[in-house]
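Breakdown of the fold
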Amino acid sequence: MPEQNIFQPDSKLSRSSYISSIQQYEELYKLSIDHPEKFWNNVVKQFHWETPHADSKSFMSYNFDISKGPISIKWMEGASTNICYNLLDRNIKNGHGDKIAFYWEGNHPEDYTRFTYRKLLEEVCRFANVLKMHGVNKGDRVAIYMPMIMETPIAMLACSRIGAIHSIVFAGFSSDSLAERMKDCKAKVLITSDGAWRGEKLLHLKQICDHALEKAQELGHHVETCIVVKHIHRVTAPKPELIEDFSVEMRDDRDFWWNDEMEEAEPSCYPEWTSAEDPLFMLYTSGSTGKPKGVLHTTGGYLLYSSTTFKLVFDYKPGDVYWCTADIGWITGHTYVVYGPLANAATSVMFEGTPFYPDNDRFWQVIDKYKVTQFYTAPTAIRSLMTFGDEPALKHNLDSLKILGSVGEPINPEAWLWYYKIIGKEKCSIVDTFWQTETGGHVITPLPGCTPMKPGSASFPFFGVKPMLLDEGGKEIQGEGEGYLVFSQPWPGMMRTVYNDHKRFEQTYFSKFPGYYCTGDGAKRDKDGYLWITGRIDDMLNVSGHLMSTAEVEAVLTEHSRVSEAAVVSRPHPVKGECLYCFITPNQNEPFDKQLIDELKVLVRERIGPFAQPDAIQHAPGLPKTRSGKIMRRILRKVAVNDRDVGDISTLADENIVEILFNNRPSK
Ligand code: WT7
């Protein structure tokens, strides 16, 4: 990368930021790696511990080497606390009771409200009591399938107040996906809403839940209670005609309205003290094989890590208004809409809608409305907004912005520059944050006002994180080079296990390179030591920031009675980053027609969710297989982009198939 592609942080920002120079970063970084206890103890002190951890030996212990015994990661073992108490009661005790925790901005611009810390605590306590009334105890799992409304963080924090484990399923997943996840974690209760508006679309969430509850029952798991928030009649309907025949079925023995339950509940609830290593929540993420994994996060370490990354990566100062556009159904929403900001007594915007409703300047309008100082979104959103040109953004002032964040996938330099110039007016630091559901918080990221920025590079590790690049043989690549991105020691916020499947945890993340946590991503290091994430190296793909595996989509496609075989690869997409390109071999004598294509699209939407719908489905009379029967995906990826430079195909059982596949490409 030539020097002119380095952007120095704005000097005004540097003067005021917590970490204001690379030298300061390097010193602190060294401390965090060599003496984790010294580094984290300053953070520990900010929070309330009902029982402090016993001694420095118990501060952190781990085993990353499967040959030496089971993988284990422990921070502050023996200490006890309550994360909800730290996020709410502690802040109120420190004088922030009347501070705004959330400005809630609804789908419709006329729907908005605000919640102070005090009000939030009261609602959380009420709902904690509701959960208790329904028999939810410490360690029980509570499934949450909700839109971006205030009841969502309230439900999460109510769980953590009583030591229950929340398991949020993004409300874009299908009823099958929800059922499978509720069964896997044996959820006792499901919390949802009647419906939700996304732009002009009305989503029937309760209906999806009804199907999911039935399906879970068929799979052998009974969810006892479903609590339903009445939402859509409270808000302005973009299309009133759609509510006319909107109805919600409530089953007497199972379904309860949120409001009815809350009316009877006390507004105070003593927190349940939980051990630092007690589970806080689980969140499912796709695996490259088999069913989704319930990534488990625990209490103490996650509190330290979510709060510290939030404070330093967004350089959050009292008076700032922070806005993360991620849905709470993803890890970004957990750590950077709820836990991280509240741990810092921050004021945030929480947004229910989409960037395109009522117009495609909604993001910029909301930034001006609340004078947002830190804005955090995904490259796919930036790219889709860029397609409307600069004018929608230039209509707004955007002066309040100081820091712009990006997350979910690599950000291409073109989108980075647009974000930097048109939105940030060349004075904001851009933080391109690399992390995963598994890492709990940012692990590789620039720091605002500190790190000179290179568009497209996530740059350097966060405190406590030790990245390495390994070659295929597991040898470390020093200096410039490219390899597997791994981490050699734990940081407080990393996952502890796959729920109910520790073997799978060890297998997935620790078996390829003993002694290292393996991210599944590739990365390169340039001559200045900057890290550039190059993308997944397993059979995973990232569609608009949604991670999924080719295997799970293939499994759905082959469910269709007319399909004999299916292979899925990723194709680059200008807005979504990547999209799904599917090859279908129909059964003998079955036609490949439009009806089949349409049915397959519907099947994927139903089984996984609308975001997984394939962009292209092509006929494959056969698949390019080696003599041992392994599909050569490399060739399929070439067909998907119509690049005939396929390289060596001599190991294929039938070389002719390559030409046939190119000729069968759909016309558009
Ligand atoms: C995968 C994790 C972390 C929250 C959202 C996604 C990709 C994420 C970046 C980035 C390049 C990125 C990786 C990673 N990814 N952020 N800044 N630059 N790639 O969480 O669903 O667990 O996905 O997203 O491939 O492994 P997730």
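The structure presented is a predicted model; accordingly, all values stated were derived computationally and were not measured.

How each quantity is defined
Residues numbered from 1 in each chain as written. Predicted model: local features only at pLDDT ≥ 70, side-chain atom pairs only at ≥ 80, totals over all residues. UniProt positions renumbered as here; feature names shortened; annotations may be inferred. Helix = DSSP H or I, 4+ residues; strand = E, 2+ residues; numbered from the N terminus. Axes fitted to C-alpha atoms, helices over the stretch in contact; angles between N-to-C directions. Parallel < 35°, antiparallel > 145°, perpendicular 65-115°, else oblique. Left-handed = near helix turned anticlockwise from the far one by under 90°. Contact = placed C-beta atoms within 7 Å. Near = placed C-beta within 6 Å. Nonpolar A, V, L, I, M, F, W, Y, C, P; charged D, E, K, R; others polar. Pairing = 2+ DSSP bridges. Core = buried A, V, L, I, M, F, W, Y, C linked by C-beta atoms within 7 Å. Buried ≥ 20, exposed ≤ 12 C-beta atoms within 10 Å, placed from the backbone. Expected span 1.5 Å × (residues − 1).

**A closer look at the UniProt feature "domain: AMP-binding enzyme C-terminal" (unreviewed entry) in the protein chain**
Per the UniProt record, "domain: AMP-binding enzyme C-terminal" (unreviewed entry) is found at residues 552-630. Taken end to end, residues 552-630 comprises 25% helix and 32% strand; its first and last C-alpha atoms sit 17 Å apart.

**So, the packing of helix H19 (residues 550-557) against helix H20 (residues 594-607)**
Between H19 and H20, whose axes approach to 9 Å, the crossing angle comes to 120°. Comparing the axis directions of H19 and H20 gives the class oblique. Between H19 and H20 lies a crossing of right-handed hand. Across from Val553, Val556 and Leu557 in H19, the residues of H20 making contact are Leu600, Leu603, Val604 and Arg607.

**Details of the site of the ligand**
Near the ligand lie 23 residues; those nearest to it are Pro410, Gln436, Thr437, Ile533 and Leu547. Looking at the shell around the ligand, the elements with two or more residues in it are helix H13 (331-343), strand E20 (429-433), strand E24 (517-525) and strand E25 (531-536). The dominant element in the shell around the ligand, judged by the number of residues it contributes, is E24, at three residues. Taken together, the residues of the shell around the ligand sort by class into nine nonpolar, 10 polar and four charged.

**Details of the sheet that holds strand E4 (residues 100-105)**
Read across the sheet, seven strands follow the order E5-E4-E17-E16-E18-E19-E20 without closing on themselves; strand pairing throughout is mixed. The open sheet is flanked by strand E5 (112-116) and E20, the only strands paired with a single partner. Ignoring which end each strand starts from, the neighbouring axes of this sheet average 20° apart. Bridge analysis of strand E16 (residues 321-324) against strand E17 (residues 347-351) gives three bridges, and the strand direction is parallel. Within E17, the residue paired with Val321 across the bridge is Thr347. Against the sheet, helix H6 (residues 117-133) engages E4 and E5, with an angle of about 85° to E5.

**What to know about the nonpolar core**
Core analysis: the biggest nonpolar cluster contains 164 residues, and Val124, Leu131, Val142, Tyr145, Ala158, Met182 and Leu190 have the highest contact counts within it. Among the elements that line this core, the one with the most residues is H6, at nine residues. In this structure Val124 touches Cys84, Leu88, Ile154, Leu157, Ala158 and Arg161, once residues within four positions along its chain are discounted. Formed by 30 residues, the second largest nonpolar core is a distinct cluster that contains Met548, Cys582, Ile584 and Leu600.

**Some thoughts on helix H7 (residues 151-162)**
Across its 12 residues, H7 extends 17 Å between first and last C-alpha, which sits within 8% of the 16 Å expected from 1.5 Å per residue. Among the 12 residues of H7, 12 are classified as buried, and the element is accordingly described as predominantly covered. When H7 is considered as a whole, its buried residues turn out to be Glu151, Thr152, Pro153, Ile154, Ala155, Met156, Leu157, Ala158, Cys159, Ser160, Arg161 and Ile162. Among the residues trailing H7, Gly163 stands out with phi positive, at a value near 75°.

**Quick notes on helix H15 (residues 379-386)**
Burial within H15 is extensive, with six of its eight residues counted as buried. Among all positions in H15, only Pro379, Thr380, Ala381, Ile382, Arg383 and Leu385 are buried. On its buried side, H15 packs onto helix H14 (362-370), strand E18 (374-377), strand E19 (403-407), helix H17 (413-423) and strand E29 (577-586).

**A closer look at the packing of helix H3 (residues 36-44) against helix H12 (residues 299-313)**
At a minimum axis separation of 10 Å, H3 and H12 run at an interaxial angle of 85°. Classified by the angle between their axes, H3 and H12 sit roughly perpendicular to one another. Within the contact between the two elements, H3 uses Trp40, Val43 and Val44 and H12 uses Leu304, Ser307 and Thr308.

**Topic: the pairing of E5**
Sheet analysis places E4 next to E5, joined by five bridges and oriented antiparallel. Looking at E5, one finds that Glu105 is bridged to Tyr112.

**Some words on the environment of Val295**
For Val295, the location among the structural elements is in strand E15 (residues 293-298). Considering only alpha carbons, one finds Val295 and Ser20, 275 residues apart in sequence, at a separation of 34 Å. If sequence neighbours within four positions are ignored, Val295 has contacts with Met282, Leu283, Thr285, Thr437, Glu438, Met495 and Val498.

**Remarks on the environment of Leu88**
Residue position: Leu88 is located in the loop between helix H4 (83-87) and helix H5 (89-96). Excluding residues within four positions of it along the chain, Leu88 makes contact with Tyr117, Leu120, Leu121, Val124 and Leu157.

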